[in-house]
Amino acid sequence: MKVNKISAVYFSPVSGTKNVCEMIAKAMADRFGISWEAHDFTLPSQRLAVTSFGPDELVVFGTPTYAGRIPNKALPFVQDLFKGQKTPAVAAVTFGNRSFDNSLTELTQELDKNGFAPFAAGAFVCRHVFSDTLAAGRPDADDKEKIQAFAARAADLLMAAEDTAALKAPVIITGRETVGPYYTPKKADGTPAKFLKAKPVTDLTLCDDCGICAKVCPMGSVDPDDISKTPGICIKCHACIRKCPKGARYFDNPDLLSHVKMLEENFSRRREDQTFFAE
């Protein structure tokens, strides 16, 4: 079938999902010989209107994995802000070397409900936002090669199909057909880690009040007039931490730090990307 436009659509606080989706979109656009564009819905200012996509378009749609699913605060954006008209879609999630659990199944199902036809899906490893060592350097050269191969196969499937009905969408994520509850994080001793209300703190001896942390918060929760305060919801995305040029923000919550220790002790072994196709 003919595709006239490709869009990379993503929620990506620390840019891992952005990079993966854009790699896929670019590779598929090159295959089709057309251009592509990005549609980032990470920040509040980028979520002001509903966007619709036509049957002759292709959407590469991505989110990170939080606690084994689509981030719960981002799920309404996925459900409400994007509509397809039997629009072919590639679903992509990223995960920090533990597991993508049900996130990819959930994303394909939500896309299907919204009028998209998700015919290919992939879960790709990126460095865990909680850790400097967990999946450090991912996606690496091997991952990027797999992403390119995934995009090429998805493009070939779409080219060979007469229409979206021929794609047999939605793609089934083998063994993960049912979306279960969110993963319960554990501390180093194996007990539940309770850090839902944890928020970053600011080292005022390092902070130069540049305001970047307030600008990059996907929930708009950092007070721009006093960046040491986070009165709104914190989804633990670490955008304000990873993008602070002075390294002035960090978490000091004991349960969260213990959870990070557990992850680094138990999930350091390399996990591989997984891809699925509706054939």
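The structure under discussion appears in the preceding block.
Rules used in this analysis
Residues numbered from 1 in each chain as written. Predicted model: local features only at pLDDT ≥ 70, side-chain atom pairs only at ≥ 80, totals over all residues. Heavy atoms only, no water. Core = buried A, V, L, I, M, F, W, Y, C linked by side-chain atoms within 4.5 Å. Buried < 20%, exposed > 50% of the residue type's maximum accessible area, 1.4 Å probe, protein only. Helix = DSSP H or I, 4+ residues; strand = E, 2+ residues; numbered from the N terminus. Polar contact = N/O pair within 3.5 Å; in protein donor to acceptor, adjacent residues only side chain to side chain. Contact = heavy atoms within 4.5 Å. Salt bridge = Lys/Arg side-chain N within 4 Å of Asp/Glu carboxyl O. Right-handed = clockwise from strand over helix to strand, strands pointing away. Pairing = 2+ DSSP bridges. Axes fitted to C-alpha atoms, helices over the stretch in contact; angles between N-to-C directions. Parallel < 35°, antiparallel > 145°, perpendicular 65-115°, else oblique. Left-handed = near helix turned anticlockwise from the far one by under 90°. Nonpolar A, V, L, I, M, F, W, Y, C, P; charged D, E, K, R; others polar.

(A) Representation of the nonpolar core in the model. With 67 residues, the main nonpolar core has Ile24, Met28, Phe61, Val90, Leu104 and Phe119 as its most contacted residues. Ranked by the residues each element gives to this core, the list is headed by helix α1 (residues 16-32), at 9 residues. Among the nonpolar cores identified, the runner-up in size contains 19 residues, and Ala198, Cys213, Ala214 and Leu256 belong to it.

(B) Structural context of the side chain of Ser131. Within the secondary structure layout, Ser131 lies in the loop between β7 (116-125) and α4 (141-160). At 2.6 Å, the side chain of Ser131 and the side chain of Glu264 are in polar contact. Excluding residues within four positions of it along the chain, Ser131 makes contact with Arg242, Val260 and Glu264.

(C) Inspection of the environment of Lys146 at higher detail. Examined against the element boundaries, Lys146 turns out to sit in helix α4. On the basis of relative accessibility, which here comes to 30%, the residue Lys146 falls in the partly exposed class. Residues Lys146 and Asp255 lie 109 residues apart in sequence; the distance between their C-alpha atoms is 35 Å. Those residues in contact with Lys146 that sit more than four places away from it in its chain are Glu272 and Asp273.

(D) Region of interest: the pattern of salt bridges. Scanning the model with the defined rule gives 18 salt bridges in all. Between Glu110 and Lys113 there is a salt bridge, with the nearest N and O atoms lying 3.6 Å from each other. With Glu110 and Lys113 both in helix α3 (residues 103-113) and 3 residues apart, the pair spans about one turn of that helix. Judged by relative accessible area, which is 8%, Glu110 ranks as buried. The salt bridge involving Arg270 is made with Glu272; its shortest N-O contact spans 2.8 Å.

(E) Quick peek at the side chain of Ser99. Looking at the secondary structure, you find Ser99 in the loop between β6 (87-95) and α3. At 2.8 Å, the side chain of Ser99 and the side chain of Asp101 are in polar contact. Beyond its immediate chain neighbours, meaning those up to four positions away, Ser99 contacts Thr65, Arg176 and Arg271.

(F) Spatial organisation of α3. Burial runs high along α3: 8 of the 11 residues are buried. Of all the residues in α3, the buried ones are Ser103, Leu104, Thr105, Glu106, Leu107, Thr108, Glu110 and Leu111. Considering only its buried residues, α3 is in contact with β4 (57-64), α2 (75-80), β6, β7 and β10 (274-277). Of the residues trailing α3, Gly115 is marked for its positive phi of about 90°.

(G) The pairing of β7, seen in detail. Across the 10 residues of β7, 10 count as buried, placing the element largely inside the fold. For the crossover that starts at β6, traverses α3 and ends in the parallel β7, the hand is right-handed. In the sheet, β7 pairs with β10 via 4 bridges, with the strands oriented antiparallel. In the sheet register, Gly122 faces β10, and the bridge partner there is Thr275.

(H) Region of interest: unusual backbone geometry. Along the chain, Arg138 connects to Pro139 via a cis peptide bond; the corresponding omega equals 0°. Within the secondary structure layout, Pro139 lies in the loop between β7 and α4. For the bond from Ala169 to Pro170, the omega torsion is 5°, close enough to zero to count as cis. The residue Pro170 is located in the loop between α4 and β8 (201-202) in this model. Unusually for a residue other than glycine, Asp209 sits at a positive phi of about 60°. Among the structural elements, Asp209 can be located in the loop between β8 and α5 (212-216). Here His238, not a glycine, exhibits a phi torsion of approximately 70°, which is positive. Structurally, the position occupied by His238 is in the loop between α5 and α6 (239-242).

(I) Here's a closer look at the packing of α1 against α4. One can describe the packing of α1 onto α4 by two numbers: an axis separation of 9 Å at closest approach and a directional angle of 45°. Judged on the interaxial angle alone, α4 and α1 are oblique. Considering the relative orientation of α1 and α4, their crossing is right-handed. Residue-level inspection shows Val20, Met23, Ile24, Ala27, Met28, Arg31 and Phe32 of α1 in contact with α4, the latter providing Lys144, Ile147, Gln148, Phe150, Ala151, Ala152, Ala154, Ala155, Asp156, Leu158 and Met159. A breakdown of the residues in the contact of α1 with α4 according to their chemical character gives 14 nonpolar, 1 polar and 3 charged.

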